Amino acid sequence: MVPVSSLITVLAYAVAALGYLPVAPHVDLAVRLAFPLAFAAGIFLDRKGKYPFTGIPSTVVTVIFFVVYFMQLSMANPAAPVVNFFVVLLSVRLVNEKTPRNLLQIFALALFALAGSSLFSLSAVFLVYLFLQLGLIAVSLVLLTFHSVDARLRLTRRSLARVIGVALAMPAASVPLLLIFFVILPRTQYPLLNFLNVPGERATGFSDRVEPGKASSIGDVKTVAFRAECEQLGRNDLYWRGIVFDTISGATWVRSGKRLVEVSATPRGKTIRQVVYPEPSRNSYLLALDVPLQIDGVRASQDADFTFTRRPSGSGRIRYEARSVLTGAIPVPRGIDRSHYLRLPGRVSARIAALTGEFTVGSPTDEERLNRVETWFRRQGFRYATSGLPVTADPVDTFLFVRRTGHCEFFASSFATLLRLAGVPARLVGGYYGGDYNDVGGYYAVTEDRAHVWVEAFVKGRGWVRVDPSSFASNFDRTTTSSRGFATKITALLDSFTWYWNQAVITYDLQKQVDFIRRANRQFKGLSLALDPRLLPQALALAAVLTLSVWWITARSGRTPEERILRSFLARVEKVYGIPRNHRSRGLHELAHMVDDSAVAIFVDIWGGAIYRDRRLSREECRQLKQIINTIGDGRRKEPGKQG
Amino acid sequence: MNLAKRAEMLHVIDTLATHYLKGKVRAVRLSVIALLSGGHILLEDIPGLGKTTLALALAKALGLSFGRVQCTSDLLPTDITGLSIFNREESRFTFVSGPIFNNVVLVDEINRAMPKTQSALLEAMEERKVTVEGTTHHLPGPFLVIATQNPVEQVGTYPLPESQLDRFMVRSGIGYPPDIIEKAIIKGGSIRDGIQSLEPLVSANDIAEAQRAVKEGVYLSDTVVDYLYTIVAATRNHPAISSGISTRGAIGMAETAKAHAYLEGRDYVIPEDVKAIAVPVGAHRLILTMENENLDKGELLNAVLNAIPVPLA
């Protein structure tokens, strides 16, 4: 026959030791010595059945160590104080009585300590400790359920073996599952249940061809196309370059297969580094701020027009670093193949051709021609719209002379056509414009509906100059400013959560996590708590309201000294004898009969002598009762066998 | 604390329960509580469990006179109260008192008497006086009626209506004694002879003094009155009860709670006193609704008690 209670106690010591051993080399010397002492003292005290440190001494020790380690806590040193404190708490628990509550705390603290050890060193031994500890805790928890039903329960060796077998079956059964999930989870780049849907098939957004006039409207797709971590920039810098369209075929702009030999000089301007996390898609163009000079972290090929194409290698999530220069022009000192960029579509309507004369009269320079086209374009008062679009074979003509509304593709293709007619080499650039800056994560979230097309015109002497014809729309400002309401903030918060999740879990990578922690550390270091003095009165008022409400609640909950004494009495009886305090139809004398404790009986007599004589407790009685409450359970501890 | 004669009363209970009425401590205690609070007790149990012995022993130990009425269907009211008969020598009617003119009266199988006889008896119990042919005769004090009835028997009985049950302060069963005690009783045989030689343990004066101590010396606080009233009100509003505890019942509960507190050695009543006497004093006064007639009244009242919070402060 094995008593369950002593078995649980032995298991608790084992679990505590398993929590302590892996962290022992990393904790302070005092703590390292304290644990074995507490371990020995705990065994000794358990044998004697006396717990002299219960209550105030334990609390004082805990508070002192908490203060000490809290002071040490800093961003540079976040782990050591916490782990030290865990070990201290564990030691304190060991020298106290092994009540079910204390046992559970020992298990939890031991697990925390073991987990803390992984912050210092991560060796394979950790797994051994973890599995041992999980097994022991599982057995202990099952035994604890027996213990809570009958504290003096004894099990025969056979039934004990069965209990342990069943208890161990639980973690054992979960291990294969755990391994399967561990293998599957970090590798899935997509939600598990959606893997049948091919990612990136979207009706609208970024595409490898510009086809105005094919659809009467485009929808707002708010799904995120990519997230780019970088500093916050001005709105006019947020052109994310993806693809360059250099060829018109009919009304469609495409990227020609022909690779031009074009030697660009390095553009000058502010250099911005970005880390871009594109959502999985079939598009193989890598996006970065205009003009991207270099992309690292992914196998990519670069074209002369600063288009980066990803080499096919799986379709998982990727992440790359880009270095861009913020500039409106790409210098090409040795010039370009002008004829290629002046090629017109086969059919140009007479109305459009008639405009050409206006732009070219007097053989002006590229710059002047560009200005003339721009001036003309601005004067027309075109409107930006994403619905009610013309579906036509000649969208440029329809846009310029009939409907006068359209989206970026209409603006850009019309403008580029006009430029080519005017003799200015022009091409379209596809990508995204704008983005929602997420303050929480420090990144831009760029959604599919921000896909954009703009124009690059070649101006001799300056190179490729970026022109965004959509900005000439009469309603341009309204369509691009986004609201910054409360809902947007919530969305931003949720989005940053997704981002962190993708980073930390989905694309799990230890190196990345270490970087991640370092970065977080940097960010927290830079965090300053500058208090706005105008907020001070509000803060004070808030503090006052909080204090008042706390006072009000406490005042309401225990209005009279009698009620407070009664509460603490019932709480004490509940704690010592496990008799629930909220049994409302039970009187105090009945309670006194249930426990064999003279302190309870005396309390009840003094209490009833006042309350049931319709008088209030005297000051002396209050003092006396409070003293009695503290002695409840003393007799029980001295003679543990008395109850039986 | 002025709990006069408490020791003597406890001595009576102790002596009876340990030497004469083994295993009947609860019934003995309730009988003493009824006596101290000036009420009467109805013992409801099958024959042969010692109801008569209990009454007899109690009368002996209390040093009181004992009368016994065995009820039958032809029992007349005058068989209980007594009657005037013509005295030939003195040439006038003289009153011959019936068995009711005793301190402790055992009314055996009360439900066998005719309603007319029953009501004469119950009237005497309530009024503590008997009027025969225009003359009122006061009954001696202390006065305790111990009535018994057999709940199982149905044929040839006149069950007491609820209104008359209300006149008994306490209704209780006796129950079988614990097996060890019962074996000892079987071995030792009837103890009727032993009871005959039982010397009085207290005097009538002691009893009167104890009754006064209960009535005047035990404090009943407003808190406990509130609690008691809550119980009474709850029985009146209970869906299974068509009529709850009456005001007389509530008074009875208060009086017996005081007697209980007195025996416990307290000069104030606590809610537990009320709980202790609630079922023996209150349960038989409940009148259940038709569809709930089969419910046990004691359990029902216990359920009501368990739903009412005890005033702790």
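Residues numbered from 1 in each chain as written. Chains lettered and ligands numbered in written order. Predicted model: local features only at pLDDT ≥ 70, side-chain atom pairs only at ≥ 80, totals over all residues. Heavy atoms only, no water.

An unreviewed UniProt entry annotates chain B as MoxR family ATPase of Geobacter metallireducens. In its Sequence similarities (unreviewed entry) section, UniProt records this for chain B: "Belongs to the MoxR family." (UniProt positions renumbered as here; feature names shortened; annotations may be inferred.)

Per an unreviewed UniProt entry, the recorded name for chain A is Transglutaminase/protease-like domain membrane protein, and the organism is Geobacter metallireducens.

**Student:** Got a sec to walk through the overall build of chain B? Specific residues and values, please.
**Tutor:** When helices and strands are tallied, chain B shows 13 helices and eleven strands. For chain B, with 313 residues in total, the buried portion stands at 52%. In chain B, the share of contacts with a sequence separation of at least 24, taken over all contacts with a separation of at least 6, comes to 77%. Carbon and sulfur atoms make up 51% of the accessible area of chain B, which totals about 14,200 Å². (Helix = DSSP H or I, 4+ residues; strand = E, 2+ residues; numbered from the N terminus. Buried < 20%, exposed > 50% of the residue type's maximum accessible area, 1.4 Å probe, protein only. Contact = heavy atoms within 4.5 Å. Areas by Shrake-Rupley, 256 points an atom, 1.4 Å probe, with all protein chains shown as cover.)

**Student:** Now, about the UniProt feature "transmembrane region" (unreviewed entry) in chain A: what can you tell me, with residues and values included?
**Tutor:** Summarizing the sequence annotation, UniProt attributes the feature "transmembrane region" (unreviewed entry) to residues 29–46, 53–72, 78–96, 103–120, 126–147 and 159–185 of chain A in the numbering used throughout. Between the end C-alpha atoms of residues 53–72 of chain A the distance is 26 Å, and the span holds 85% helix and 0% strand.

**Student:** Describe the interface of chain A and chain B, with residues and values.
**Tutor:** Between chain A and chain B, the residue contacts involve 17 residues of the former and 21 residues of the latter. Regarding the contact of chain A and chain B, the summed buried area is about 1,600 Å², with carbon and sulfur atoms giving 54% of it. Our count for the contact surface shared by chain A and chain B stands at two salt bridges. Note that Glu 590 of chain A is salt-bridged to Lys 275 of chain B, the shortest N-O span being 2.8 Å. Linking chain A with chain B are 15 residue pairs in polar contact (both at pLDDT 80 or more). Mapped by element, the contributors of at least two residues to the side of chain A that touches chain B are helix H17 (561–577), helix H18 (588–594) and helix H19 (598–611) of chain A. For the side of chain A that touches chain B, the element with the most residues is H19 of chain A, which contributes five residues. (Buried area = accessible area lost by both parts, 1.4 Å probe. Salt bridge = Lys/Arg side-chain N within 4 Å of Asp/Glu carboxyl O. Polar contact = N/O pair within 3.5 Å; in protein donor to acceptor, adjacent residues only side chain to side chain.)

**Student:** I'd like to hear about the nonpolar core, residue by residue, with values.
**Tutor:** The biggest cluster of nonpolar side chains holds 102 residues, and the ones touching the most others in it are Phe 569 of chain A together with Met 253 and Tyr 262 of chain B. Core analysis: the next-biggest nonpolar cluster, separate from the first, contains 73 residues, Ala 225, Phe 308, Val 467 and Phe 476 of chain A among them. (Core = buried A, V, L, I, M, F, W, Y, C linked by side-chain atoms within 4.5 Å.)

**Student:** Give a detailed account of the packing of helix H10 (residues 366–380) of chain A against helix H12 (residues 408–421) of chain A, specifying residues and quantitative values.
**Tutor:** All names here are of chain A. The interhelical angle for the contact between H10 and H12, taken along N-to-C directions, is 140 degrees, at an axis separation of 10 Å. Between H10 and H12, the angle is such that the two are oblique. Considering how the two elements wind past one another, H10 and H12 form a crossing that is right-handed. In contact with Leu 370, Val 373, Glu 374, Trp 376 and Phe 377 of H10, H12 contributes Phe 411, Ser 414, Phe 415, Leu 418 and Leu 419. Across the contact of H10 with H12, the residue classes break down as eight nonpolar, one polar and one charged. (Axes fitted to C-alpha atoms, helices over the stretch in contact; angles between N-to-C directions. Parallel < 35°, antiparallel > 145°, perpendicular 65-115°, else oblique. Left-handed = near helix turned anticlockwise from the far one by under 90°. Nonpolar A, V, L, I, M, F, W, Y, C, P; charged D, E, K, R; others polar.)

**Student:** Which residues make up unusual backbone geometry, and what values do they have?
**Tutor:** A cis amide bond links Asp 290 of chain A to the next residue, Val 291 of chain A, at an omega of 5 degrees. In this structure, Val 291 of chain A sits in the loop between strand E9 (288–289) and strand E10 (292–296). Residues other than glycine seldom take positive phi values, yet Phe 306 of chain A does so here, at roughly 60 degrees. Its location among the elements puts Phe 306 of chain A in the loop between strand E11 (300–302) and strand E12 (308–310). Taking the relative accessible area as the measure of exposure, Phe 306 of chain A reaches 8% and is therefore buried. Here the phi dihedral of Ser 91 of chain B falls at roughly 55 degrees; this positive angle occurs in a residue that is not glycine. Looking at the secondary structure, you find Ser 91 of chain B in the loop between strand E3 (82–87) and strand E4 (92–97).

**Student:** Run through the sheet that holds strand E2 (residues 66–70) of chain B, naming residues and quoting values.
**Tutor:** Residues and elements named next belong to chain B. The five strands are arranged E2-E5-E8-E1-E9 in an open sheet whose pairing can be described as parallel. The open sheet is flanked by E2 and strand E9 (170–172), the only strands paired with a single partner. The mean inter-strand angle of the sheet, taken between neighbouring strand axes irrespective of direction, is 15 degrees. Direction of pairing for strand E1 (residues 41–44) relative to strand E8 (residues 144–149): parallel, over a ladder of four bridges. When the bridges of E8 are listed, Ile 41 appears paired with Ile 146. (Pairing = 2+ DSSP bridges.)

**Student:** Quick rundown of the pattern of salt bridges? Include the residues and the values.
**Tutor:** All names here are of chain A. Within the structure shown, the criterion is met by 29 salt bridges over all chains. Here Glu 456 ties to Arg 427 by a salt bridge, and the two come within 2.9 Å at their closest N and O atoms. One end of the pair, Glu 456, is in strand E20 (residues 451–459); the other, Arg 427, is in strand E17 (residues 426–433), and 29 residues separate them in sequence. No difference in accessibility class separates Glu 456 from Arg 427, as the two residues are buried. Connected through salt bridges with shared partners, the residues Arg 241, Asp 290, Arg 427, Glu 456 and Arg 466 form a single ionic network.

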